[in-house]
Amino acid sequence: MKPVRRALVAVSATAILVIAQAILDPTGLLALVGWSGAVPSLEAGIWPFAAYVVFVPVLLGVVAWVAVRAGDRFWTLVPGIVLAVLLAQAAACFVMTWNLGVSAWAAGYVTAKAVPAALIVAAATRLLGGRSVRERHARGAVWIPAIVFAGLAPLLSGLWWTSVAYAPGVPAPASHRDPISMILGMLVLAGATVLCLRWMRPRVRGILGGWLAAVAAGAGLGLVQAIVGFAFDRGATGELWPLMNAYVAVADGASFGACLGWIVGVTAVVADRATSPRAAQALRLAAALVVVAATAAAVILPSSTAAASSGAAQPAPPAGYLRADGGIITDGEGDQVLLRGVNVNQLVDFFQPAANLPATRPLTEDDFAGIAEQGFNVVRLGLSWSALEPEPGTIDEAYLEKIQDAVGWAKKHDIYIVLDMHQDGWWAGNTTAGTVCRPGTDPMWGYDGAPAWATLTDGAPRCSFTGRDISPAGDRAFQNFYFDTDGVQSALVDTWGKLAAVFSDEPTVAGYDLLNEPGFGETAPVTTSHLLGRFYGRAIDAIRAADAPQIVFIEPSIFWSGLGFDSGPTPGFTDDDNLVYSPHLYAESITMDRSLGLPPIVGIEGQFELASRAADAYGMPLWSGEYGYWGDDADRVARLTRYAAAEDAHILGSAYWVWKQACGDPQGFSTDISDALQREECATGSAAAPRDDLLAILSRAYPRSAPGALTSLKADGARVELAGTTEDEGCGLEVWVPGSAAPEIDSSGVTALKTAQVAGGWLVTGCAEGDYSLSTEG
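Residues numbered from 1 in each chain as written. Predicted model: local features only at pLDDT ≥ 70, side-chain atom pairs only at ≥ 80, totals over all residues. Heavy atoms only, no water.

**Comments concerning the packing of helix α6 (residues 143-156) against helix α9 (residues 241-260)**
Piece 1. Interhelical geometry of α6 versus α9 gives an angle of 105° and a closest axis separation of 12 Å. When the interaxial angle is binned, α6 and α9 end up roughly perpendicular. Residues Phe149, Ala153 and Leu156 of α6 form the contact with α9, whose own contacting residues are Phe256, Gly257 and Leu260. (Axes fitted to C-alpha atoms, helices over the stretch in contact; angles between N-to-C directions. Helix = DSSP H or I, 4+ residues; strand = E, 2+ residues; numbered from the N terminus. Parallel < 35°, antiparallel > 145°, perpendicular 65-115°, else oblique. Contact = heavy atoms within 4.5 Å.)

**Looking at the pairing of strand β15 (residues 719-738)**
Piece 1. Taken together, the three bridges between strand β13 (residues 702-707) and β15 define a ladder with antiparallel strand orientation. Counterpart to Pro703 in the pairing with β15 is Val735.
Piece 2. Here strand β14 (residues 709-716) pairs with β15 via seven bridges, running antiparallel. Its bridge partner lying in β15, Leu710 is registered against Gly724.
Piece 3. Between the antiparallel neighbours β14 and β15 lie two residues, among them Gly717 with a positive phi of about 65°.
Piece 4. With 14 bridges connecting them, β15 and strand β17 (residues 761-777) associate as antiparallel partners. By the bridge assignment for β17, Gly730 is matched with Ala768. (Pairing = 2+ DSSP bridges.)

**What about the sheet that holds strand β4 (residues 340-344)?**
Piece 1. Across the sheet, which stays open at both edges, the seven strands sit in the order β11-β10-β9-β6-β5-β4-β12 with parallel pairing between neighbours. Of all strands in the sheet, those with a lone pairing partner are β11 (579-581) and β12 (654-656), marking the two edges. Sheet twist, expressed as the average angle between the axes of neighbouring strands with direction ignored, equals 30°.
Piece 2. One ladder, built from three bridges, connects strand β9 (residues 509-513) with strand β10 (residues 551-554); its direction is parallel. For Tyr512, the partnering residue across the bridge sits in β10 and is Val552.

**Re the packing of aromatic side chains**
The geometry of an aromatic ring pair is captured by two quantities: the separation of the ring centres and the angle between the planes.
Piece 1. In this structure the tally under the stated criterion is 31 aromatic pairs.
Piece 2. Arranged with centres 5.3 Å apart and planes meeting at 50°, the rings of Trp426 and Phe481 form a pair that is tilted. One end of the pair, Trp426, is in the loop between β6 (416-422) and β7 (442-443); the other, Phe481, is in helix α15 (residues 472-482), with 55 residues separating them in the sequence.
Piece 3. A ring pair is formed by Tyr627 and Trp630, whose centres lie 6.2 Å apart and whose planes are at 55°; its orientation type is tilted.
Piece 4. Classification of Tyr627 by relative accessible area gives buried; the value is 3%.
Piece 5. Classification of Trp630 as buried rests on a relative accessible area of 0%.
Piece 6. Positioned over the ring face of Trp427 is Arg462, at 3.9 Å from the centre of the ring.
Piece 7. Directly above the ring of Tyr447 sits Arg468, whose terminal nitrogen or CZ lies 5.9 Å from the centroid. (Phe/Tyr/Trp six-rings, centres within 6.5 Å; stacked < 30°, edge-to-face > 60°. Buried < 20%, exposed > 50% of the residue type's maximum accessible area, 1.4 Å probe, protein only. Lys NZ or Arg CZ within 6 Å of the ring centre and 35° of its normal.)

**Structural notes on a nonpolar patch on the surface**
Piece 1. Residues Trp35, Ile46, Tyr52 and Val53 make up a contiguous nonpolar surface patch of roughly 380 Å² in combined accessible area.
Piece 2. Within the fold, Tyr52 resides in helix α2 (residues 50-69).
Piece 3. Judged by its relative accessible area of 36%, Tyr52 falls in the partly exposed class. (Patch = residues over 30% accessible without salt bridge, like charges linked within 9 Å, V, L, I, M, F, W, Y side chains within 5 Å. Areas by Shrake-Rupley, 256 points an atom, 1.4 Å probe, with all protein chains shown as cover. Salt bridge = Lys/Arg side-chain N within 4 Å of Asp/Glu carboxyl O.)

**Overview of helix α20 (residues 604-618)**
Piece 1. With 15 residues, α20 extends 22 Å between its outermost C-alpha atoms, agreeing within 8% with the 21 Å of an ideal straight helix rising 1.5 Å per residue.
Piece 2. For α20, the complete set of buried residues consists of Ile604, Gln607, Phe608, Leu610, Ala611, Ser612, Arg613, Ala614, Ala615 and Tyr618.
Piece 3. Against the buried residues of α20 lie α8 (206-233), α9, α18 (558-563), β11 and α21 (633-649).
Piece 4. Just downstream of α20, Gly619 is the residue with a positive phi angle, here 75°. (Expected span 1.5 Å × (residues − 1).)

**Overview of the nonpolar core**
Piece 1. Counting residues in each nonpolar core, the largest one holds 182 residues, and the members touching the most others are Leu381, Ile403, Leu419, Leu499, Leu514 and Phe535.
Piece 2. The biggest single contributor to this core is helix α3 (residues 74-97), with 15 residues.
Piece 3. Beyond its immediate sequence surroundings of up to four residues, Leu514 is in contact with Met421, Trp496, Phe535, Tyr536, Ala539, Ile540, Ile543, Val552, Phe553 and Ile554. (Core = buried A, V, L, I, M, F, W, Y, C linked by side-chain atoms within 4.5 Å.)

**Re the environment of Val188**
Piece 1. The residue Val188 is located in helix α7 (residues 179-200) in this model.
Piece 2. Its relative accessible area of 24% is what places Val188 among the partly exposed residues.
Piece 3. Separated by 235 residues in sequence, Val188 and Gln423 have C-alpha atoms that sit 44 Å apart.
Piece 4. In this structure, Val188 is in contact with Leu221 and Val224, ignoring residues within four places of it in sequence.

Keep in mind these numbers describe shape, not what the thing actually does.
As structure tokens, this is what we get:
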């Protein structure tokens, strides 16, 4: 009867914990099973019910099994409860996606919830479940199941170990890693599994003993990866990245063990029953063959897949259009292009907190003339779906005309435009009168984004938790968008097709940024990776169907802006190759660590390495669509100086947030002076002194275009040192140099040098062939 009592206690403790967390969690995101206040509907499909009709039954069923079979030992119950939580999450994600690979990998995202829950439930079961006679069983087979598990890992790795947390050289038993890292990862996993089996099998019999050993071994692999990663990826002193890196690695390993550890359990039981010498020898031979065959297949298959996909290249964009070419943006004439500029938010349809303070400032040609005078060559122009399509299926012609005017002004001043479908907090709705915010959340302003008709909150309250991007209503609206409830996502896909058709023959439009800082909904990473990738694929198809050849800029979710890293859309979400990866590099700025007063998770310099690693994994160029917002004046100048140096070192472009900001903008509401490069006096609405201290850094010298590819870049004010290489002679060298004094130029490998004075500075042009370099003295 003691196993039955123990199971009852464990299940009861788990159920109580689930209910208590649901009551106490004000967002529905922090609990094992949260409730945001949204009312689920069958019309949306099964996903609104998955947590209740799938997660909870699987969780309680596995907890009961573990309590019966794992005994009353605390340290066998803990991995068992972790196993239950991860399997329950995988099952819930599966009925949302019907994709086994995504669902199994996604389970790792609840490790931070699973571990404390396991400690609580295991402690309660240990104290109240009664004691039983502790038996020690024969250890049985350990090497064969460990070898089979590690040998199959590369073939079954799927999305595991794809995070930017894994620096080159970190061992991971995954086919997408280099062969040495893969083999080392297999060896570490095999060794960890052997150690865990030696401890676990004498205490827990049968398949469960091997399964729990696999969970622990996966976590052990993660610890080894974190230690090795520290040598490659430690970050600056005081950063929290090593700890975050360790968490990601342990979560990946534990979820891999939870979802595939049954292989260890089954193989161990089979090996135990192979009692004759001949059977044991045959089993060892079979295990060796599994390792050899799996390793060979893991090495061969990725290269053959890459070779097959490389033959499906799409037609190049017409002459005059920018395009992605491997890891850089080019002009199609053999020149690398650096896009450096600013965000313009003056067409965004913001919520207006105060009737006497406009939420935006007018956009005129003077803005583009001023932007060009700083040497900037790109504007990321924020648009609002709510203004573009205020009624379903109907494009607002007056708003479209404003966009066309902006593109025309940009063209006149030799500035590229990136059209950005902007949103913050999903839509402009605020907390309505009579809304009761749960303890821990607060009433909030609206922000910007989707039209009201495309906002499906299912009754969840519009209340904020730590900021605009965590709101039960906003999270549910994003969830409905990702699952295309009532065709909401399809509507935005169609709108992108219509907008791209308007600008398809305009090379001034560098590209289309599909959605600003996509929210995480309620079930990341199903939403932020799998379904975000699905939306991107559909939108890209709509843009290409409109014969628009421009670049498409894709962003990871808001997690990147808040944490400094994210998983991003799942690989293979599209076969289009004219894409640019565009995270927002806000490290040490608006990130969660800064708002909580913690040391940075990722520092300014480290974020470039992680972003480059992610872009390289996708095979895309990197371009940061937003950065800035670094606190008080002195702090901001110091951090921007560091950002500029890192940007130059990585030879990248980006767009600063923001050119102008109205005092009534809900993101920077002020009654004194607005916070932007071009500021506003709130009392009068007139222009205030610009941020010349920041502009001096932002408008530093840089190559706007360069033949072939740039190999190094360093700049400070009017001084610049650059180098590049090109196989064929090209005359696309164009270097911006600020200031009124003509630059003194020193070059090697550059011919036909010319200097021309323009508004705000100088343009240096020339031709180059082979290796070349150029430097200026301001």
